[in-house]
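Residues per chain, in single letters:
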Amino acid sequence: MDYGRVLEQIHATVLPTLGQGKVADYIPELANVSPTHFGMAIATLDGQVHTIGDARMGFSIQSISKLFALVMALKVEGDDLWKRVGREPSGTPFNSLVQLEHEAGKPRNPFINAGALVVTDILCTRFAVPENALSDFLEKLSGTPAIHYNHRVERSERRHSDRNSAMAHFMKSFGNLRNPVDQVLDAYCRHCAIEMNCVQLAKAVSFLANHGRIPGSDEEVLDVSRSKRLSALMLTCGTYDAAGDFAFRVGLPAKSGVGGGIVALIPGECGICVWSPPLAESGNSFSGSLALELLTTLTGRSIF
Ligand code: DON
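Residues numbered from 1 in each chain as written. Predicted model: local features only at pLDDT ≥ 70, side-chain atom pairs only at ≥ 80, totals over all residues.

Under an unreviewed UniProt entry, the name given to the protein chain is Glutaminase, and the organism recorded is Piscinibacter terrae.

A. Representation of the site of the ligand. Around the ligand sit 13 residues, and of these Gln62, Ser63, Cys192, Val258 and Gly283 come closest. For the shell around the ligand, a count of residues per class yields 3 nonpolar, 9 polar and 1 charged. There are two domains that each give the shell around the ligand at least three residues, and those are domain 1 (3–62 + 194–298) and domain 2 (64–192). (Near = placed C-beta within 6 Å. Nonpolar A, V, L, I, M, F, W, Y, C, P; charged D, E, K, R; others polar. Domains from an automatic or database assignment.)

B. Seen up close, the nonpolar core. The biggest cluster of nonpolar side chains holds 98 residues, and the ones touching the most others in it are Cys198, Leu201, Ala202 and Val263. The element contributing the most residues to this core is helix H2 (residues 64–77), with 9 residues. Those residues in contact with Val263 that lie beyond four places of it in its chain are Ile64, Leu67, Leu201, Val205, Ala254, Lys255, Ile272 and Cys273. (Core = buried A, V, L, I, M, F, W, Y, C linked by C-beta atoms within 7 Å. Buried ≥ 20, exposed ≤ 12 C-beta atoms within 10 Å, placed from the backbone. Helix = DSSP H or I, 4+ residues; strand = E, 2+ residues; numbered from the N terminus. Contact = placed C-beta atoms within 7 Å.)

C. A look at the sheet that holds strand E1 (residues 39–44). Taken in spatial order, the 5 strands line up as E2-E1-E8-E7-E6 in an open sheet, and their pairing is antiparallel. The strands lining the two open edges of the sheet, one partner per strand, are strand E2 (49–53) and strand E6 (254–256). Across the sheet, the mean angle from the axis of one strand to that of its neighbour is 10°, orientation sign disregarded. Where E6 meets strand E7 (residues 261–266), 3 bridges bridge the pair, whose relative direction is antiparallel. Across the sheet, Ala254 pairs through a bridge with Ala264, a residue of E7. Each of E1, E2, E7 and strand E8 (270–275) touches helix H9 (residues 198–205); the most contacted strand, E8, lies at about 145° to it. (Pairing = 2+ DSSP bridges. Axes fitted to C-alpha atoms, helices over the stretch in contact; angles between N-to-C directions.)

D. How the structure looks around the packing of H2 against helix H5 (residues 130–142). Running from amino to carboxyl end, H2 crosses H5 at an angle of 100°, the nearest separation of the two axes being 10 Å. As judged from the angle between their axes, H2 and H5 are roughly perpendicular. Counted together, Ser65, Phe68, Ala69 and Met72 of H2 and Ala133, Leu134, Phe137 and Leu138 of H5 form the full contact between these two elements. The residue inventory of the contact of H2 with H5, partitioned by class, reads 7 nonpolar, 1 polar and no charged. (Parallel < 35°, antiparallel > 145°, perpendicular 65-115°, else oblique.)

E. Layout of the environment of Met72. Structurally, the position occupied by Met72 is in helix H2. Taking the C-alpha atoms as reference points, Met72 and Thr120, 48 residues apart in sequence, are found 9.8 Å from one another. Setting aside anything within four residues of it in sequence, one finds Met72 in contact with Leu123, Ala133, Leu134 and Phe137.

F. Summary view of the packing of helix H6 (residues 151–159) against helix H8 (residues 181–192). The N-to-C vectors of H6 and H8 enclose an angle of 135°; their axes lie 8 Å apart at closest approach. As summarised for this structure, H6 and H8 are arranged oblique, according to the angle between their axes. For the pair H6 and H8, the crossing hand works out as right-handed. Here Glu154, Glu157 and Arg158 of H6 lie close against H8, whose contacting residues are Leu185, Asp186, Cys189, Arg190 and Cys192. Tallied by class, residues from the contact of H6 with H8 come to 3 nonpolar, no polar and 5 charged. (Left-handed = near helix turned anticlockwise from the far one by under 90°.)

G. Inspection of the environment of Ala55 at higher detail. Following the sequence through the fold, Ala55 ends up in the loop between E2 and strand E3 (59–60). Of the residues examined, Ala55 has 23 C-beta atoms within 10 Å and is grouped as buried. Between the C-alpha atoms of Ala55 and Pro130, which are 75 residues apart in sequence, the distance is 27 Å. Residue contacts for Ala55: discarding those within four places in its chain leaves Gly39, Met40, Ala41, Asn197, Cys198 and Val199.

Okay, structure coming up:
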């Protein structure tokens, strides 16, 4: 597959759409980014990296961190994690609280904010400094020495975290949060404020395309079964209440973030990351979703 050429075709097609959608501003610091950035990277399992546009420019990974936090929590907690977080699509926005009251404070899945707060609570119990553990893990997965988080974005989100705070307190009232709410929110906001670029993220997600093993070193991150199941969760829940439409249009496991990034994978072939800051209504990158749709259309590859 000539991925370099495919990326050029995608770039040419999405260029006129850049700027459509709306850059997230409910975390004020996220609004300070040009809406016309676009980057995309494909990291194949045999070690090739193909890029286009701003693929080496760092951006706020936001909810993409939920994927890697979940992998870490699964490694330390195992399947007990599923007693505290479900595995169903929510059909509600990523920051919704409505289901928690009827469902005893157990979030529908680990990728909505409520679910990620429970996952972060597990990491707070298991790691002395969970945010350092996550950045170390991302360094290993991406083969990059210094993954850092943006303190301005972290502080900006922390100052505007009333909704996540309400969710966390509510879940604590059901006994589904073990650590102090402030401690969990601090760690969660740091995870979301990690900055990475498309090349780093395409590499970081590629172990999921490789049966749970890091391509190159062959180190096992997750066993084959867990790796497959995580990809299933990405397909059904990774793009929130747009997951059905995303499966229809793109047909790949994916995880998005309000910084405008989306990671995806083609099993057995490659890890992918695309970045374009303006978001569609669902909170997923507008042009990023289009780019992934074009990728599967032009290559004929998808999981179906
Ligand atoms: O908690 C929040 O609202 C953000 N830190 C992350 C949300 C997010 O990225 C949802 N993604 N599309």
